[in-house]
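Residues per chain, in single letters:
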Amino acid sequence: MQTFRLIPYPASDLPKIEITGQIERMENRLSIRYYVVTGKTGAILLPASSIPVRKHDLWRATCFEFFIAIQDQPCYWEFNMSPSGNWNVYAMDAYRQVNMREEVAFTQLPFEFKKTNDEVTLDITVDLNPIIQSETILEMGVTTIIQTNDGNESFWGLVHPGLQADFHLRNSFILEM
């Protein structure tokens, strides 16, 4: 089990929140638990709940994401989860949408969002067997895009190695599983 704390890409008018979580890989099942936003969560614009469907452009609103890559290979996957329940998984052959496509090995993502007065939480467990062998070493990035009620966006990640917020940079996949 590894814990993480996301940091915002430097910007003005950042929401007064913290984003933390725990991640674990056991028997090729990846679990992110207690992926929690705390603080002034009332300022966060959460997309309305709906019947969960696979959908594009979830990152244009508050969206929780993680990236997994096979160590020493350029390919990687991007998992997007919206508080609305909508989701998507993309496979890419290399940096930033090279041969980007929906990952058809997943027909649903088993995640749950909860909102209370004090926090927003996400819990997810994903079986990676359809795309990755269990002995494969993974490099991971965990990220979140937060949109506030006043229209501001902030970009949260484990690190921000680029000149702009860019969650696809491989040197931001700093968790090894």
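To keep things clear, this report deals only with the structure shown in the data block. If you're wondering where the values come from, they're calculated on a predicted model, not measured in any experiment. (Residues numbered from 1 in each chain as written. Predicted model: local features only at pLDDT ≥ 70, side-chain atom pairs only at ≥ 80, totals over all residues. Heavy atoms only, no water.)

**Some remarks on the packing of aromatic side chains**
Stated formally: Aromatic pairing here means that ring centres of Phe, Tyr or Trp (its six-membered ring) are within 6.5 Å. Orientation follows from the plane angle: under 30 degrees is stacked, over 60 is edge-to-face, and everything else is tilted. For the purposes of this entry, the term helix denotes a DSSP run of H or I that reaches at least four residues, the term strand denotes a run of E that reaches at least two, and both are numbered from the N terminus. Between buried and exposed lies partly exposed: a residue is buried under 20% and exposed over 50% of the maximum accessible area for its type, with that area taken using a 1.4 Å probe on protein chains only.
Applying the stated criterion across every chain, the model contains 10 aromatic pairs. Seen from their ring centres, F79 and F106 are 5.5 Å apart, and the 70° between their planes marks the pair as edge-to-face. Here F79, found in strand β5 (residues 76-81), pairs with F106, found in the loop between β7 (101-102) and β8 (111-115); they are 27 residues apart in sequence, far enough to count as distant. Pair check on accessibility: F79 and F106 agree, each one buried.

**Brief notes about the pairing of strand β9 (residues 119-127)**
Definition in use: Any two strands with at least two DSSP-identified bridges between them are counted as paired.
Of the pairings in the sheet, the one linking strand β3 (residues 29-39) to β9 comprises eight bridges and is antiparallel in character. Bridge pairing links R29 to D127 in β9. In this antiparallel pair of consecutive strands, β8 and β9, the connection spans three residues.

**A closer look at the pattern of salt bridges**
The following threshold applies: By convention in these notes, a salt bridge is any Lys or Arg side-chain nitrogen within 4 Å of a carboxyl oxygen on Asp or Glu.
By the definition in use, this model includes six salt bridges. Close ionic contact of R101 with D93 constitutes a salt bridge, the shortest N to O distance being 3.2 Å. Taking relative accessible area as the criterion, D93 reaches 30% and is therefore assigned partly exposed. The residue D166 makes a salt bridge to R96 at a minimum N-O spacing of 3.8 Å. With D166 in the loop between β11 (153-157) and β12 (175-176) and R96 in the loop between β6 (87-92) and β7, this residue pair connects regions lying 70 residues apart in the sequence. Looking at D166, the relative accessible area reads 10%, which means it is buried. For R96, a relative accessible area of 38% translates into the label partly exposed.

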